[in-house]
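# Chain and residue survey
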Amino acid sequence: MTDYIYADNAATTRLAPEVLEAMKPWLTDCYGNASGLYRAGREARRAIEKSRSTIAELIDCEPGEIYFTSGGTESDNWALAGTLKRAAPEGKTHLITDGIEHHAVLHTAEALEKEGFSVSYASADRKGRISPESVRALMRPETALVSVMFANNEIGTIQPVKEIGEICREYGVAFHTDAVQAAGILPIDVDALNIDLLSMSAHKFYGPKGIGLLYCRRGKAPLNLMHGGKQEKTRRPGTENTALIVGMAEAYRIACEERETKAQQLQEMKDILICGLSHIRGSKINGDIVSSLPGTVNFSFEGTDGQSLVMELDSLGVAASSGSACTSGNTEPSHVLRAIGLPHALAQGALRISLGRYNTEEEARELVARIKKAVDTVRL
Ligand code: PLP
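Values in this document were obtained by computation on a predicted structure and should not be read as measured data.

Rules of the game
Residues numbered from 1 in each chain as written. Predicted model: local features only at pLDDT ≥ 70, side-chain atom pairs only at ≥ 80, totals over all residues. Heavy atoms only, no water. Phe/Tyr/Trp six-rings, centres within 6.5 Å; stacked < 30°, edge-to-face > 60°. Lys NZ or Arg CZ within 6 Å of the ring centre and 35° of its normal. Helix = DSSP H or I, 4+ residues; strand = E, 2+ residues; numbered from the N terminus. Expected span 1.5 Å × (residues − 1). Buried < 20%, exposed > 50% of the residue type's maximum accessible area, 1.4 Å probe, protein only. Contact = heavy atoms within 4.5 Å. Pairing = 2+ DSSP bridges. Axes fitted to C-alpha atoms, helices over the stretch in contact; angles between N-to-C directions. Polar contact = N/O pair within 3.5 Å; in protein donor to acceptor, adjacent residues only side chain to side chain. Core = buried A, V, L, I, M, F, W, Y, C linked by side-chain atoms within 4.5 Å. Domains from an automatic or database assignment. Near = heavy atom within 4 Å. Areas by Shrake-Rupley, 256 points an atom, 1.4 Å probe, with all protein chains shown as cover. Nonpolar A, V, L, I, M, F, W, Y, C, P; charged D, E, K, R; others polar.

## What to know about the packing of aromatic side chains
Summed over all chains, the structure comprises four aromatic pairs. Above the ring of tyrosine 358, the side-chain terminus of arginine 14 is found at 5.7 Å from the ring centroid.

## Considering helix 4 (residues 103–114)
When the terminal C-alpha atoms of helix 4 are compared, their 16 Å separation across 12 residues agrees well with the 16 Å that a helix rising 1.5 Å per residue should span. Along helix 4, the positions that sit buried rather than exposed are His103, Ala104, Val105, Leu106, Thr108, Ala109 and Leu112. Buried residues along helix 4 sit against helix 3 (72–87), strand 3 (94–98), strand 4 (118–122), strand 5 (143–147), strand 6 (174–178) and helix 9 (335–339).

## Structural notes on the sheet that holds strand 7 (residues 197–201)
One open sheet holds the seven strands; their spatial order is 2-8-7-6-5-3-4, and the pairing between them is mixed. Either end of the sheet is taken by a strand with one partner, and the two such strands are strand 2 (66–69) and strand 4. Averaged over all pairs of adjacent strands, the angle between their axes in this sheet comes to 20°, without regard to strand direction. Sheet topology note: the strand 6/strand 7 ladder contains three bridges and is parallel.

## Concerning the side chain of serine 283
Relative to the helices and strands, serine 283 resides in strand 9 (residues 283–286). In this structure the side chain of serine 283 is engaged in a polar contact, spanning 3.5 Å, whose partner is the backbone oxygen of serine 278. Sequence-distant contacts of serine 283, defined by excluding residues within four places in its chain, comprise Leu277, Ser278, Phe299, Ser300 and Phe301.

## Points about the nonpolar core
In this structure, Val146 and Phe205 are the most contacted members of the largest nonpolar core, which totals 68 residues. If you tally residues by element for this core, the top one is helix 7 (residues 242–278), at 11 residues. Both domain 1 (5–14 + 258–379) and domain 2 (17–254) contribute no fewer than three residues apiece to this core. Among residues more than four places away in sequence, those in contact with phenylalanine 205 are Thr13, Ala183, Gly184, Met200, Met248, Ala251, Tyr252 and Ala255. Residues Leu316, Ile353, Leu355 and Leu367 belong to the second largest nonpolar core, which totals 27 residues.

## Re the site of the ligand
Around the ligand, 13 residues are found, and the nearest of them are Thr73, Asp178, Gln181, Ser201 and Lys204. For the ligand, an oxygen atom lies 3.5 Å from a polar atom in the side chain of histidine 102. Out of a free accessible area of 390 Å², the ligand has 88% covered by protein chains. Broken down by element, the residue count for the shell around the ligand peaks at three residues, all from helix 3. Considering only residue class, the shell around the ligand consists of two nonpolar, eight polar and three charged.

Here's what the structure looks like:
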């Protein structure tokens with residue numbers, strides 16, 4: 001066991017060495033622009049299209065339905081803003097989402113509201129689940145899109161994506177899911193799950209940062225947000241980053257190959273955490289322990305505050321998070337915990353531990369000990 005324990009894999013993951021190896025040629029000798037007609041360009045093009053096909057096969061779609069982007073944030077922005085803007089001329093100006101989405105969705109929804117679109121928010125229950133019927137209740141004749149995440153980044157709750165997608169089909173409404181936390185951990189089959197648009201980001205499954213994708217079912221591609229060259233069938237212009245695309249495909253291939261074994265290992269480590277942390281006085285687990293990501297756990301500790309806990313744990317050699325990384329430095333309690341009905345004091349004292357590929361059971365046990373110590377210190 002190393003002295004330093006990284007337990008913030010929901011924020012980002014370490015680049016897998018195999019992925020770095022796959023990327024290296026495209027960062028060094030093979031620097032051709034994939035639009036070039038000469039050999040170096042053709043090689044880059046081949047590598048990009050091979051990567052697209054690899055991912056397409058793994059999520060059960062056509063390669064032409066995958067568009068590479070700069071990550072989850074861009075994919076979410078594009079899915080929401082592009083779909084609503086495309087549908088607006090037909091009078092479809094309404095979006096349904098929910099209050100526990102990542103800010104990449106929530107802040108896009110807010111921006112769309114300012115532009116005159118209307119947005120309805122389905123409520124999550126106390127475990128963070130969005131019921132399909134609550135989505136149905138919000139449907140209107142002018143609804144263009146439903147966006148409900150696959151799994152939550154703070155509490156790990158997995159949503160009934162298939163059932164929500166089924167309702168969208170019934171109403172002829174497009175369905176987007178932010179699968180940034182689920183990809184590489186849960187199986188994704190866009191057809192079986194009735195998904196029309198899906199966001200993924202490589203740095204959450206041991207791939208490089210700055211690369212993601214938006215899956216768009218044929219005929220459902222959103223309006224462009226950017227204009228430029230002919231890349232990505234003119235929908236997402238800009239010179240392709242071959243190394244990042246190759247890295248993403250390799251990372252996703254490995255993640256899918258290892259998924260079942262890893263999920264079991266993660267669940268075993270998570271059980272150690274749940275069992276150990278539940279014994280701390282004034283602790284409460286947040287989210288759904290049955291239907292949730294195998295490596296993510298969120299606890300509140302009465303009489304503490306999450307920021308101080310994170311800092312104390314840092315001094316004890318642990319990297320964990322008090323909420324989503326994008327809101328760190330923000331002292332407001334997490335919008336997710338507030339939306340599932342946690343009182344302010346408990347939401348304030350929350351800690352997210354997210355385990356990954358490189359954690360061990362020994363580390364999980366050591367985490368329990370260090371967290372107990374940190375809680376005691378912060379409570380003094
Ligand atoms: N959506 C979810 C659920 C996330 O957890 C994140 C990152 O934390 C994002 C979107 C943003 O992804 P990216 O960092 O690739 O922009």
